Amino acid sequence: MSDFIFEIGYEEFPASFILPFVSQLKEKILADLEKQRITVENCREFSTCSRTALVCTGLPEKQPDIREKVTGAPKKVALNADGTLSKAGEAFLAKNKITDYFFENTEKGEVIAGYVEEKGKELAEVITPVVKAALHAANFKKSMRWADNSFAFARPIRWIMLSIDGKPVDDDFEGIKFSSTSFGHRFLSNGALQVNAQNYYEILEAHYIFADRTKRREYIKSEVLNKAAELGLTANIDENLLDEVTDMVEYPHVVIGNIPEKYKNLPVELVVKVLKKDQRYFTLCDKNSQVVKFASVLNNIPRDDSVVVEGNEKVVSARLSDAAFYFNDDLAKDFAALSERLKGVLFQKDLGTYSDKVERICKIAMFIAENYFKSLNANKLLDLMKAGEMIKNDLVTGVVFEFPDLQGIMGRYYARHAGFGSDVCEAMYEHYLPINAGDELPKTETGTILSMADKIDTIVGGFMAGMKPSGSKDKFAIRRNAIGFLTVAQNYGLNIKEVVDFVW
């Protein structure tokens, strides 16, 4: 049995490009090999920010020979009156590259037939064009050209290696000559690496490349958790961030930095968001759930970690300074009065502004409360209306403008600072719940009612504005809102038709 390694090295890809490219490459190569009668027993993919590789084993040493019967036109069409081949018969032979023919009885009568025979090609003759076709077929969100190349790719290609049974293939792709070797980490390793299908991963790891994405991801996660535990802290491991960071490095090295004391009282969610969005850092919290340190993942081993940490801390301080400015500026505003500014924020062209939406939400919420939450007293109803009038106010704050994902979360902080009661404050956040399937549900009655009112307004409004979701499009997130509405409503016995009729 034979094996081959295909590896392409490139200037660093954006993290979001890597997995789609790996998937495309593997799927295309394996599918095309199958069309060429080459079966692959095992094919393992490797990827980092700077390379993608397929290591495949258990291939036949050459393409199998084929002898396949083909049939063509009826006998009366394939032959002339004198028994010689007609133009149709000759075309059949030429098309199938055969010289011998015969006639065979079928359900449609006698037809011309023959055997197509083809000698199997050597493995290199099959694999090389398949690999080239896969590279040509690669599709990226954005591509570029470099030097005098006419070929477009996500980033400039640094090398392409193709070896079969340990022997390099002498060829090129778009003027880029195939390399006979792989390469280690661009800063930590020197020189070319001789690899084969059996030692590929081990050789690269010895030269500072964690080529296996799953192992690299696990390593980063364990390093962050272990360093946090050593400090008596808890690490916030955001799985999406972990995926992104995994695809940003080849040889991860984790260092820990400090959050400046003056920013430790900022909302935890704000600090986490700033460090995630701007720096791709993990946050470490103390027993009081305050963010006190951060973990950054380097793609290198510096001579002195402290020098890197000092630089990281300066950048973090600057980022948090901006966040603190927006947060303190928001706290200085009259939170309740921000409702007036919603009149200038468009919700949807046919459904008006967010101020219009808030007015509808309040009416729907009162309808639901009066018909399905009859035990609510006057004070609770007053809280419901107060919360309803303010639930979108944080959309016009500085922090939410910079970090839209924090809508609702920041509203809760601002409402608390303004002195509103617990139910009103919680409703600022809870009315967005559940955000995703399986997410937490609102805990307060005020938050529950406003959650249903907000979602049913979006659902009915979306249909009224002609934005019915299709199989592939749901621009107004009507499906997600419908699932969220039903998830909440099922516990309260709502007559959905009655509610929809009221909203409509």
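Reference entry: report on the structure contained in this document. From a predicted model like this one, the values you see are computed outputs, not experimental measurements.

We now examine the pairing of strand β6 (residues 109–118). Bridge count for strand β4 (residues 66–74) against β6 is seven bridges, and the pairing is antiparallel. Across the sheet, the residue bridging to E68 is V116, located in β6. Both strand β5 (residues 102–106) and β6 contribute to a ladder of five bridges, which runs antiparallel. Across the sheet, N105 pairs through a bridge with E110, a residue of β6. The turn linking β5 back onto β6 is made up of two residues.

With that settled, the discussion passes to the sheet that holds strand β16 (residues 291–298). With antiparallel pairing, four strands are arranged side by side in an open sheet as β13-β15-β16-β14. The sheet is open, and its two borders are formed by β13 (234–236) and β14 (253–258), each paired with just one other strand. Ignoring which end each strand starts from, the neighbouring axes of this sheet average 30° apart.

Counted residue by residue, strand β1 (residues 2–10) has nine buried out of nine residues, so it is predominantly covered. On β1, burial covers both faces: S2, F4, F6, I8 and Y10 on one face and D3, I5, E7 and G9 on the other are all buried. Here β1 pairs with strand β3 (residues 51–59) via eight bridges, running antiparallel. Paired with F6 across the two strands is L54, which belongs to β3.

If you walk through the whole model with that rule in mind, you get one disulfide. Across the disulfide, C43 is cross-linked to C56 (sulfur-sulfur distance 2.4 Å). Of this pair, C43 sits in strand β2 (residues 42–47) while C56 sits in strand β3; the two residues are 13 residues apart in sequence, bridging distant segments of the chain. When its relative accessible area of 12% is taken as the criterion, C43 is described as buried. According to the relative accessible area criterion, C56 is buried, its value standing at 0%. C362 provides the cysteine sulfur closest to C425, a residue in no disulfide bond, and the two sulfurs are 16 Å apart. The class for C425 is buried, based on a relative accessible area of 2%.

The next subject is the packing of helix α11 (residues 378–390) against helix α15 (residues 445–464). Across the interface, α11 lies against α15 with an axial gap of 10 Å and an inter-helix angle of 50°. Taken together, the axis directions place α11 and α15 in an arrangement best described as oblique. Seen from above, α11 lies across α15 with right-handed handedness. From α11, D383, L384, A387 and G388 reach across to α15, where they touch T446, I449 and L450. Broken down by class, the residue content of the contact of α11 with α15 amounts to four nonpolar, two polar and one charged.

Between its first and last C-alpha atoms helix α6 (residues 213–230) spans 26 Å; for 18 residues at 1.5 Å apiece the expected length is 26 Å, and the two agree. Three or more residues of α6 are buried, namely R213, R216, R217, I220, V224 and A228. Angularly, the buried residues of α6 cover 105° about the axis, an arc narrow enough to put them on a single face. Exposed side chains of α6 directed beyond 90 degrees from the buried face belong to E218, A229 and E230. Capping the start of α6 is the job of one residue whose side-chain oxygen sits 3.0 Å from the backbone nitrogen of T214: D212. Positive backbone phi, at 70°, marks G232, one or two positions downstream of α6.

Below, the discussion takes up the nonpolar core. With 69 residues, the main nonpolar core has L275 and I368 as its most contacted residues. Residues in contact with I368, not counting those within four places in the same chain, are F373, I449, M452, A453 and L494. Formed by 39 residues, the second largest nonpolar core is a distinct cluster that contains F4, F6, I38 and L123.

With that settled, the discussion passes to a nonpolar patch on the surface. Residues F463, M464 and W504 make up a contiguous nonpolar surface patch of roughly 360 Å² in combined accessible area. Following the sequence through the fold, W504 ends up in the segment after α17 (496–503). Of the residues examined, W504 reaches a relative accessible area of 57% and is grouped as exposed.

To continue, consider the pattern of salt bridges. Once the charged atoms of two side chains with opposite charge are near each other, the side chains can pair. All told, the structure shown has 40 salt bridges when counted by the stated rule. Of the charged contacts in the structure, one is a salt bridge between E11 and R186, with a shortest N-O distance of 3.7 Å. Linking E11 in the loop between β1 and α1 (15–35) with R186 in the loop between β11 (182–183) and β12 (192–193), this pair joins segments that are 175 residues apart in sequence. Residue classification places E11 among the partly exposed residues on the basis of a relative accessible area of 28%. Taking relative accessible area as the criterion, R186 reaches 40% and is therefore assigned partly exposed. For the salt bridge of D457 with K357, the shortest nitrogen-to-oxygen distance reads 2.7 Å. Here D457 is found in helix α15, whereas its partner K357 is found in helix α10 (residues 354–372), with 100 residues between them in sequence. For K357, a relative accessible area of 1% puts it in the buried group. When salt bridges with common partners are traced through the structure, they connect R213, R216, R217, K221, E239, D243 and D247 into a single cluster.

Rules used in this analysis
Residues numbered from 1 in each chain as written. Predicted model: local features only at pLDDT ≥ 70, side-chain atom pairs only at ≥ 80, totals over all residues. Heavy atoms only, no water. Pairing = 2+ DSSP bridges. Helix = DSSP H or I, 4+ residues; strand = E, 2+ residues; numbered from the N terminus. Axes fitted to C-alpha atoms, helices over the stretch in contact; angles between N-to-C directions. Buried < 20%, exposed > 50% of the residue type's maximum accessible area, 1.4 Å probe, protein only. Disulfide = S-S within 2.5 Å. Parallel < 35°, antiparallel > 145°, perpendicular 65-115°, else oblique. Left-handed = near helix turned anticlockwise from the far one by under 90°. Contact = heavy atoms within 4.5 Å. Nonpolar A, V, L, I, M, F, W, Y, C, P; charged D, E, K, R; others polar. Expected span 1.5 Å × (residues − 1). Arc of directions from axis to C-beta. Polar contact = N/O pair within 3.5 Å; in protein donor to acceptor, adjacent residues only side chain to side chain. Core = buried A, V, L, I, M, F, W, Y, C linked by side-chain atoms within 4.5 Å. Patch = residues over 30% accessible without salt bridge, like charges linked within 9 Å, V, L, I, M, F, W, Y side chains within 5 Å. Areas by Shrake-Rupley, 256 points an atom, 1.4 Å probe, with all protein chains shown as cover. Salt bridge = Lys/Arg side-chain N within 4 Å of Asp/Glu carboxyl O.

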